[in-house]
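Observations on the three-dimensional arrangement
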Amino acid sequence: MLTLFYLFAAISVLSALVVVAARSPVNSVIALIVCFLSIAGHYILLNAQFLAVVHIIVYTGAIMVLFLFVIMLLNLNRSSEPQKSLATRVAAVVAGGLVLLTLLAAVRQGISVEPARDFDIGTGLVRSVGRSLFNEFLLPFEVSSVLFLSAMVGAVMLGRREKNPQAA
Amino acid sequence: MIAIVIFLVALLLVTLGVAAYATYAERKVAAFMQDRIGPDRAGPFGLLQPIADGVKMIMKEDFMPASANRWLFFLGPAIAMTTALLTGVVIPWGGTLDLGGTAFTLQVADPDIGILYVFAMVSIGVYGIMLGGWASNNKYALYGAIRAASQMVSYELAMGMSIVALVILTGSLSLNDIVEQQRAGLWNIVYQPLGFLLFVICAFAECNRAPFDLPECETELVGGYHTEYSSMKLGFYLFAEYVNMFISSAVISTLFFGGYDVPFLDGLGLPQNVTVVLGTVGLFLKITFFIFLFMWVRWTLPRFRYDQLMDLGWKSLIPLAILNVLLTGVGYYLKNGI
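Note that the structure is a prediction, hence the values are computed from the model and not measured.

Side note on the overall build of chain A
Helix and strand counts for chain A come out as six helices and zero strands. When the helices and strands of chain A are placed in sequence order, the string is α-α-α-α-α-α. Going through the 168 residues of chain A one by one, you find that 16% of them count as buried. By sequence separation, contacts in chain A at least 24 residues apart represent 56% of the contacts at least 6 residues apart.

Comments concerning the overall build of chain B
If you tally the helices and strands in chain B, you get twelve helices and two strands. Overall, chain B shows an N-to-C arrangement of helices and strands of α-α-α-β-β-α-α-α-α-α-α-α-α-α. At 21 Å, chain B has a C-alpha radius of gyration in line with the 20 Å of a compact globule built from 338 residues. In terms of overall dimensions, chain B has C-alpha extents of about 60 × 50 × 45 Å along its principal axes. Relative to its full complement of 338 residues, chain B shows a buried share of 46%.

A look at the interface of chain B and chain A
Accessible area lost during the coming together of the parts is what is often quoted as the interface size. Taken together, the 18 residues of chain B in the interface contact 16 residues of chain A. Among the secondary structure elements, those contributing two or more residues to the side of chain B that touches chain A are α4 (114-135) and α5 (139-170) of chain B. Among the elements that make up the side of chain B that touches chain A, the one with the highest residue count is α4(B) (nine residues). Per-class residue counts for the side of chain B that touches chain A are 16 nonpolar, one polar and one charged.

Digging into the nonpolar core
Side chains of nonpolar character tend, in soluble globular proteins, to be buried together. Counting residues in hydrophobic clusters, the biggest one holds 114 residues, and the most contacted among them are A:V53, B:L116, B:A120, B:M130, B:A145, B:C202 and B:F246. The element best represented in this core is α4(B), accounting for 16 residues.

Looking at helix α3 (residues 70-86) of chain B
Residue and element names in this part refer to chain B. The terminal C-alpha atoms of α3 lie 25 Å apart, and with 17 residues this matches the ideal 24 Å at 1.5 Å per residue to within 8%. Of the positions making up α3, those classed as buried are L72, F73, G76, P77, I79, A80, M81, T83 and A84. Here the buried face of α3 lies against α4 and α10 (231-256).

Examining the environment of A:V54
Note on placement: A:V54 falls in helix α3 (residues 49-74). A count of 21 C-beta atoms within 10 Å places A:V54 in the buried class.

Thoughts on the packing of helix α8 (residues 193-206) of chain B against α10(B)
Residue and element names in this part refer to chain B. It is the contact of α8 with α10, at a shortest axis distance of 11 Å, that shows an interaxial angle of 170 degrees. In this view, α8 runs roughly antiparallel relative to α10, as classed from their interaxial angle. In this structure, α8 uses F196, F199, V200 and A203 to contact α10, whose residues at the interface are S248, I252 and F256. Residues of the contact of α8 with α10, tallied by class, amount to six nonpolar, one polar and no charged.

So, the pairing of strand β2 (residues 102-105) of chain B
As paired elements, strand β1 (residues 96-99) of chain B and β2(B) share four bridges and run antiparallel to each other. Bridge pairing in β2(B) places B:L97 opposite B:F104.

Focus on unusual backbone geometry
Residue and element names in this part refer to chain B. In this model, N137 sits at a positive phi of 55 degrees, which is unusual for a non-glycine residue. In this fold, N137 is placed in the loop between α4 and α5. For S231, which is not glycine, the phi torsion reads 55 degrees and is therefore positive. The residue S231 is located in helix α10 in this model. A residue is classified by how many C-beta atoms lie within 10 Å of it, and S231, with 16 of them, is partly exposed.

Some points on helix α1 (residues 2-21) of chain A
Taking 1.5 Å per residue as the helical rise, α1(A) with its 20 residues ought to reach 28 Å, and the 28 Å between its terminal C-alpha atoms agrees with that figure. For α1(A), a buried count of one out of 20 residues is recorded, marking the element as mostly open to its surroundings.

A few points about the domain arrangement of chain A
As assigned here, chain A comprises domain 1 (1-77) and domain 2 (125-161). Relative placement of domain 1 of chain A and domain 2 of chain A: their C-alpha centres are 23 Å apart.

Regarding the packing of helix α2 (residues 25-45) of chain A against α3(A)
Residue and element names in this part refer to chain A. Closest axis-to-axis distance for the α2/α3 pair is 8 Å, and the angle between their directions is 175 degrees. One finds that α2 runs roughly antiparallel with respect to α3. Only Q49, L51, A52, H55, I56, Y59, T60, M64, F67, L68 and I71 of α3 make contact with α2, whose side of the interface consists of P25, V26, V29, L32, I33, F36, L37, I39, A40, Y43 and I44. Partitioned by chemical class, the residues of the contact of α2 with α3 number 19 nonpolar, three polar and no charged.

Some details on the environment of B:G160
All names here are of chain B. Within the secondary structure, G160 is located in helix α5. Overall, G160 belongs to the partly exposed group, with 18 C-beta atoms counted inside 10 Å. Separated by 45 residues in the primary sequence, G160 and I115 place their C-alpha atoms 9.9 Å from one another.

The rules behind each value
Residues numbered from 1 in each chain as written. Chains lettered and ligands numbered in written order. Predicted model: local features only at pLDDT ≥ 70, side-chain atom pairs only at ≥ 80, totals over all residues. Helix = DSSP H or I, 4+ residues; strand = E, 2+ residues; numbered from the N terminus. Buried ≥ 20, exposed ≤ 12 C-beta atoms within 10 Å, placed from the backbone. Contact = placed C-beta atoms within 7 Å. Rg over C-alpha atoms; globule rule 2.2 N^0.38 Å. Nonpolar A, V, L, I, M, F, W, Y, C, P; charged D, E, K, R; others polar. Core = buried A, V, L, I, M, F, W, Y, C linked by C-beta atoms within 7 Å. Expected span 1.5 Å × (residues − 1). Axes fitted to C-alpha atoms, helices over the stretch in contact; angles between N-to-C directions. Parallel < 35°, antiparallel > 145°, perpendicular 65-115°, else oblique. Pairing = 2+ DSSP bridges. Domains from an automatic or database assignment.

Dropping the structure here:
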């Protein structure tokens, strides 16, 4: 069990690094897919089969397909990559260094990693996820679906072809 | 443990065997529909044709375009084949055998989320086509890949919705539970005729079979996403399509036609092992029928135009699927209450 955890953790971290470091956007996307799959592996180690499979269907199967789709259509590659100016690069290095400093300070203070609740083996199964979504979190759940609907309507509005440009 | 490994290997061999003979059946069915004889040279009735085809595929020169992305070119067919083969493990192939005192169920794994697992594998399968098409660095292959991606994403929605309606009825995502419920009552096709129709149409689209074979339509795109592929890499793409067809037929039989349930078989009073084996035979007969249906449709209907394909998916199938979910929900409420 612990070996598997370390294996998945190593894959997650390495692939996440490749996402940032890869020169070609397509390689970045593929590394991100690998990262998502290894996170699904973590879910399965926690017996959260439902979360794992939904994670694969939604992130790996739908969102990353769209990412790949756009990258293929635009044919992004190294030559079309925007070159950053020197000032931007210096600013990025300084900002990154500051984040590192903050994180180091936080770690030095000693973050206590106490679980807020005891681990329940059934948390990630269909039954318990469904129960908590439709009882405890019904309102946030419905509100977020309305949010998605509004995003969809907005996308359709933007993508709609103007029938009569004079009238607008 | 040992029994599971043996069963896994057997499952792999059966899947590959059925897929191999599906290629033979496709050519024979096509020949029958077009009033020809079909392959009859290799062995009696041409029965050795799949082996001859396989040897031919392996012996051909493996050519890779100079400007192709090397490892993605290699990864494409590998993903297509792997995801096609991975789906079979959650399908219940039969009941529980009694092997000298130890019970053995003819299903590799029965997770809580069986049907969603099938769905996840289908959604990963599209990467095989997309990456292969893009890595070829060929405009026809890229068009094929982009068509495949948009087609599969569009039809996944309606497919998911038709499963939602089914799950409202069964109250379980486990494929074994779904089959056991059908054994106790009527087959799901009785309750879900519209859902069945939607699911079959989407399964055709997900397998890239005619009339939805736009990703590889030879009259417009040369060979589609596998234009640049040769030798066994091409073989894997073509073969993965037949494996997918076999698995889809198995899923359709399991969800809507009772899986390994054969009517009135339990009442005959046969020994348990015989009943289980006959049930599995029954499942394979159903699968054979659906594979034949795939071929029948391919040699009967012309291919859709691309805009017709998208119109059908988004403007007909998805509204119908939502309507089906709504009707099923109302029906369930009227019958059982909340």
